[in-house]
Amino acid sequence: MASEEASLRALESLMTEFFHDCTTNERKREIEELLNNFAQQIGAWRFCLYFLSSTRNDYVMMYSLTVFENLINKMWLGVPSQDKMEIRSCLPKLLLAHHKTLPYFIRNKLCKVIVDIGRQDWPMFYHDFFTNILQLIQSPLTTPLGLIMLKTTSEELACPREDLSVARKEELRKLLLDQVQTVLGLLTGILETIWDKHSVTAATPPPSPTAGESGDLLSNLLQSPSAAKLLNQPIPILDSESEYICSLALECLAHLFSWIPLSTSITPSLLTTIFHFARFGCDIRARKMASVNGSNQNCVLGQERGRLGVLAMSCINELMSKNCVPMEFEEYLLRMFQQTFYLLQKITKDNNAHTVKSRLEELDESYIEKFTDFLRLFVSVHLRRIESYSQFPVVEFLTLLFKYTFHQPTHEGYFSCLDIWTLFLDYLTSKIKSRLADKEAVLSRYKDALVLLLTEVLNRIQFRYNQAQLEELDDETLDDDQQTEWQRYLRQSLEVVAKVMELLPSHAFSTLFPVLQDNLEVYLGLQQFVVTSGSGHRLNITAENDCRRLHCSLRDLSSLLQAVGRLAEYFIGDVFAARFSDALTVVERLVKVTLYGSQIKLYNIETAVPSVLKPDLIDVHAQSLAALQAYSHWLAQFYSEAHRQNPQQFISLVSTAMEAVTPLISSKVQEKLLLSACHLLVSLATTVRPVFLISIPAVQKVFNRITDTSAQPLVDKAQVLVCRALSNVLLLPWPNLPESEQQWAMRSTNHASLISALTRDYRHLKSSAIVPQRKMQLEDTKVIIHQTLSVLEDIVESISGEATKSRQICYQSLQESVQVSLALFPAFIHQSDVTDEMLSFFLTLFQGLRVQMGVPFTEQIIQTFLNMFTREQLAESILHEGSTGCRVVEKFLKILQVVVQEPGQVFKPFLPSIISLCMEQVCPIIAERPSPDVKAELFELLFRILHHNWRYFFKSSVLASVHRGIAEEQMENEVQFSAIMQAFGQSFLQPDIHLFKQNLFYLETLNTKQKLYHKKIFRTTMLFQFVNVLLQVLVHKSHDLLQEEIGIAIYNMASVDFDSFYAAFLPEFLANCDGVDSNQKNVLGRNFKMDRDLPSFTQNVHRLVNDLRYYRLCNDSLPPGTVKL
């Protein structure tokens, strides 16, 4: 024993040293190595058993249990059976003797180690594993321990994480399912007994004023009076031991429910019991008592009780989340809903709104979260099932949900409830679309609820009704979706408004428009308070209270303008005529408001509180322009209807809108407002396209402003937008007019002079490109290139989907600038930021105007690029210039993608040099690099080469296929084809999962479209290499997220020749597998059934992979020198 005693002391001091603050990392590594070596020794477990029973040091106990865990999970097969028996008997005894005194994390770890043994040996060698757990639960002294063991067993055996053979996993699940009924019975008994025992002793409280439940909103939910009576019993007060046992039992249930199927083993009495415990979460009385008695212990007790409610709701939600409900379980579900809505009614029961909110504030936040989860599951998974039950009052449920939503104590809680309403509105919309016959009946059933919801959501976004809450929202920090908390709040609210509008258009409009009107009156009335001061105009509103009220009104107006803009889509299309007058009213108001803002220049006005009111005024102005922009599709439809009858009204709307926009296109205007004006201008030019736009004086002004070189330039973004709008005014065909009246000749001349003015400085660079430039000069040149190319690129992009005539005129105007760009390109090849912009421009040209550029010039461009991107240049860009350099190469490859996709023979001569560029120059450079840059674009290019130029490799003749039944095509350019396929194969050996997924998809597409896997060259020389690589990837678990896709690809490859797969490939694959013996290989081969359908085949693949890993693990765990017969 002395040596064990000495080892224990040594281990304790090592552990203390390891966790000491002063120990260096170097020393920690030494200690770690020492401990690992000790753990690997055969028989180390005996020492650990002694350590566990003799030490009080937590670190030592944890280390000893880790040694056992490693032994059982990785080396168990090689442990002599005598030792196994000893371990199986000693560890449970240790647990029984010390479970009361061990720290909880040590006790739980010890439980897990014992369950790990059960996972390996039950029932064959450890037949009393589960009966022991049941006995522990039934004995009052060890009930908590038994419940911990049960939960651990459910976690570790139902869905085992460690590698086990598939057969063993299936066996364990079946063994556990056989025990479910017994276990659920036991757990029900424990919870019922504790409830009943404490209910008897609970003093009956005096009848409270809310106790009379007879006239209740949901009285018809609980059919039997006894059920209502049961749920109205006072909640018992539990001692801490009983609370602990109940919480463990509920945790067990929640985990069991996560994997057992819904069936009659989940009895009504169990469900009722769970609901009893769910009431703990909404029992404020208990919390109040705890706080009145004031002692710390009572407060903790209140929290514990709340936790029981949370755990019970977790159990309910586990059951709720199952979509597949057997017929016999439907009635139980209905009962669950009835009981939960009883709770919901209890939570929201009060006529005084403040107390509902304060009641929700007093409840545990996690309980509210669980309850909201329940409501979401109910609406998303079960509503369609339950709505058909006559005894389930959906409208009353919505009334409760309404109260629950609008009394949420936190913003997050409110957002979650809005999500539930969105789900409900989606459900209702799809239901109405599928049942057009009784659409009105369905709508009238829910109309009141929807109108109520709309009004309340609108009130919630207004400072007028909800200032305190809205001021808490952060409007500065951006979240992952690039929006602030305030923007998210507004957006989610407006989505609900829009969905109601879709269902009840006239109601929604008549609710929203008067509210907008009220705030508009305030805004339009500001003119009377504008006074002229020495330095300009000033807003003569100074009293603090007035300023605050104005601030709130402006914020509300801004939100309501966004709401009106969001609803624009519900006035167009089939309903245009029916809702015309409403839409016209809105658009006229918006035009009036934008003009008013621009005329009295509220954005430049002095105010008493500039830091608050000035941003408000700018925002309202910007939002009014954005809202008007949202109606551009309506204006376009109005234009096509109006040109037949009365165009005057339309002309006046557009002209006035242009008068509002023009003064804002100036470098003196704040960027937010400037960009809103530019976007509106673009929409009028692009979507509405009125023929008279170009002749409006206001538009002429913008033309002059943009082409005037002496004017102060606009910010880049605005410049690009304005140029796009002006170009589109001249290029886009006018609607409602025949080709002969389009005035192309005049528009072409005007467009040429517009582009000429915009590119003047850029075209002058051509002469200086040859001379080396000084640093200062170079920076100026870069600015000119950047500004000009961003404008030109945008113009081309916006025209790329338009009619041929528009594209022709566009290219004629740009021709000189394009040639200048090509001439400048070689001079800037070493400036990757400039090259990047130039290639972006050329890429856009190739995508939008390649036909207009003509073949000779396009060939010249491609040839210039191919000459410039030598191996050295590619290496410099990719290896030394970081992300910009890589972007340059990616853009170049994208241009080549466009080239190789072009149908016809024009660019076919370039294929050999493009393929050799990829395979001989780009591939070797990026193959060495772990980073994914360039790879995705390169493989897309290779895929496009194959996909769009299949006959470059496979010349199939129609005659051949007729004669031979199946065409054995002649193969051309075989070497290049093989090299491309090899590159794809290599990519599957790399860790980048996105590249793997993309390339697998490309191969599968080539197979679907071109029968790649059936081609002789692929079938005979590559097919099984690919299958082998994909199987190895599955075995190594390196790309586990793609298991399903890989399985399907293996099936598609194997199905080309199943006979060869089963007769030749599979035996060879198994023969070459290391780490498994011949007997195991035979078992693996036998278990792979010769199925030829996809589901069975992929199941066989995953079984093979799983069992191969398991056998390797077993074999690694055998002691060295083990002889296997």
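Keep in mind the model is a prediction, meaning the values are calculated, not measured.

It is worth spelling out the overall build of the protein at this point. Helix and strand content of the protein: 51 helices and four strands. Dimensions along the principal axes, computed over C-alpha positions, put the protein at roughly 100 × 85 × 70 Å. By residue count, 52% of the 1125 residues in the protein fall in the buried class. Excluding contacts between residues fewer than 6 apart, the proportion of contacts in the protein whose partners are at least 24 apart in sequence is 75%. Per element, the accessible surface of the protein, about 51200 Å² overall, is 53% carbon and sulfur. Taking the average place of the 105 positive charges on the side chains of the protein and the average place of its 123 negative ones, the gap between the two points comes to 2 Å.

With that out of the way, let us pick up the side chain of K782. Relative to the assigned elements, K782 resides in helix α34 (residues 775–799). A relative accessible area of 15% places K782 in the buried class. Here D833 takes part through its side chain, which lies 3.0 Å from a polar atom of the side chain of K782. Ignoring anything within four residues of it in the chain, the contact list for K782 reads Q831, D833 and V834.

Turning our attention to the nonpolar core. Within the largest apolar cluster, 391 residues are counted, with the highest numbers of intra-cluster contacts made by F68 and L91. Here the element with the most residues in this core is helix α9 (residues 166–201); it accounts for 12 residues. Beyond its immediate sequence surroundings of up to four residues, F68 is in contact with W45, C48, L49, L52, I87, L91 and V113.

Time to look at the pattern of salt bridges. Summed over all chains, the structure comprises 43 salt bridges. Here D178 makes a salt bridge to K174, at a shortest N to O gap of 4.0 Å. Taken together, the residues span about one helical turn, with D178 and K174 both in helix α9 at a distance of four residues. The partner of D546 in a salt bridge is R549, with the nearest N and O atoms 3.8 Å apart. One end of the pair, D546, and the other, R549, are both in helix α24 (residues 544–566), three residues apart, so they sit about a helical turn from each other.

On to the packing of aromatic side chains, then. Across all of its chains, the model carries 74 aromatic pairs by this definition. Note on F341 and F378: the rings are 5.1 Å apart at their centroids and 75° apart in plane angle, and the pair reads as edge-to-face. A residue pair is termed long-range when its members are at least 10 positions apart, and F341 in helix α15 (residues 327–347) and F378 in helix α17 (residues 365–386) qualify at 37 residues. Residue classification places F341 among the buried positions, given a relative accessible area of 1%.

What follows is about the packing of helix α40 (residues 911–927) against helix α41 (residues 935–948). For the pair α40 and α41, the least separation of the axes is 11 Å and the interaxial angle reads 150°. For the element pair α40 / α41, the angle class is roughly antiparallel. The hand of the α40/α41 crossing is left-handed. Taken together, the residues of α41 that come into contact with α40 (itself represented by L911, I914, I915, C918, M919, V922, C923 and I926) are K935, L938, L941, L942 and I945. Here the contact of α40 with α41 is composed, by residue class, of 12 nonpolar, no polar and one charged.

Mapped onto the elements, S53 comes out in helix α3 (residues 44–54). The class for S53 is partly exposed, based on a relative accessible area of 38%. For the pair S53 and H98, spaced 45 residues apart in sequence, the C-alpha separation works out to 8.7 Å. One polar contact links the side chain of S53 to the main-chain carbonyl oxygen of L49, over a distance of 3.2 Å.

Compared with an ideal rise of 1.5 Å per residue, which puts 20 residues at 28 Å, helix α23 (residues 505–524) spans 27 Å between its outermost C-alpha atoms and is within 8% of the ideal. Along α23, the positions that sit buried rather than exposed are P505, A508, F509, L512, F513, V515, L516, N519, L520, Y523 and L524. Where the residues of α23 are buried, they touch α20 (439–460), α22 (485–503), α24, α25 (580–599) and α26 (610–630).

Attention now moves to the environment of K1037. Structurally, K1037 is set in the loop between α47 (1023–1036) and α48 (1043–1054). Taking C-alpha positions, K1037 is 9.4 Å from V1105, a pair spaced 68 residues apart along the chain. Look past the residues within four positions of K1037 in its chain and what remains in contact with it is D163 and R1109.

The element helix α12 (residues 268–278) is largely enclosed, with a buried count of nine among its 11 residues. What α12 keeps buried is the set L270, L271, T272, T273, I274, F275, H276, F277 and A278.

Chain-level pLDDT for the protein is 86 on average; 91% of the residues reach the 70-or-more range. Across the protein, the secondary-structure element scoring lowest on mean pLDDT is helix α13 (residues 284–293), at 49, and the one scoring highest is helix α29 (residues 671–688), at 96. In this model, residues 201–225 is a region of pLDDT below 50 whose contacts with residues beyond four sequence positions or in other chains number 33 contacts. Residue range residues 288–295 is modelled with pLDDT below 50. Its contacts to residues more than four positions away, or to other chains, number seven contacts.

Between helix α6 (residues 104–121) and helix α8 (residues 143–158), the least distance of the axes is 9 Å, while the angle of their chain directions is 50°. In terms of orientation, α6 and α8 fall into the oblique class. As for the relative orientation of α6 and α8, their crossing is right-handed in sense. Contacts between α6 and α8 involve R107, N108, C111, K112, I114, V115, D116 and R119 from the former and L145, I148, M149, T152, T153, E156 and L157 from the latter.

Looking now at unusual backbone geometry. Residue P123 is bonded to the preceding W122 through a cis peptide linkage, with omega at 0°. One can find P123 in the loop between α6 and α7 (129–138). The phi torsion at N973 lies on the positive side, around 50°, for a residue other than glycine. Positionally, N973 belongs in the loop between β4 (970–971) and α44 (974–987). Phi at K1011 is positive, roughly 55°, even though this residue is not glycine. Turning to its location among the elements, K1011 is positioned in the loop between α45 (993–1010) and α46 (1016–1021).

Below, the discussion takes up the side chain of T429. Assignment of secondary structure puts T429 in helix α19 (residues 411–434). Judged by its relative accessible area of 11%, T429 falls in the buried class. In this view, T429 contacts E502 and L503; residues no more than four positions away in its chain are not counted.

Cut-off values and rules
Residues numbered from 1 in each chain as written. Predicted model: local features only at pLDDT ≥ 70, side-chain atom pairs only at ≥ 80, totals over all residues. Heavy atoms only, no water. Helix = DSSP H or I, 4+ residues; strand = E, 2+ residues; numbered from the N terminus. Buried < 20%, exposed > 50% of the residue type's maximum accessible area, 1.4 Å probe, protein only. Contact = heavy atoms within 4.5 Å. Areas by Shrake-Rupley, 256 points an atom, 1.4 Å probe, with all protein chains shown as cover. Lys, Arg positive; Asp, Glu negative; His and termini not counted. Charge placed at Lys NZ, Arg CZ, Asp CG, Glu CD. Polar contact = N/O pair within 3.5 Å; in protein donor to acceptor, adjacent residues only side chain to side chain. Core = buried A, V, L, I, M, F, W, Y, C linked by side-chain atoms within 4.5 Å. Salt bridge = Lys/Arg side-chain N within 4 Å of Asp/Glu carboxyl O. Phe/Tyr/Trp six-rings, centres within 6.5 Å; stacked < 30°, edge-to-face > 60°. Axes fitted to C-alpha atoms, helices over the stretch in contact; angles between N-to-C directions. Parallel < 35°, antiparallel > 145°, perpendicular 65-115°, else oblique. Left-handed = near helix turned anticlockwise from the far one by under 90°. Nonpolar A, V, L, I, M, F, W, Y, C, P; charged D, E, K, R; others polar. Expected span 1.5 Å × (residues − 1). pLDDT = per-residue confidence, 0-100.

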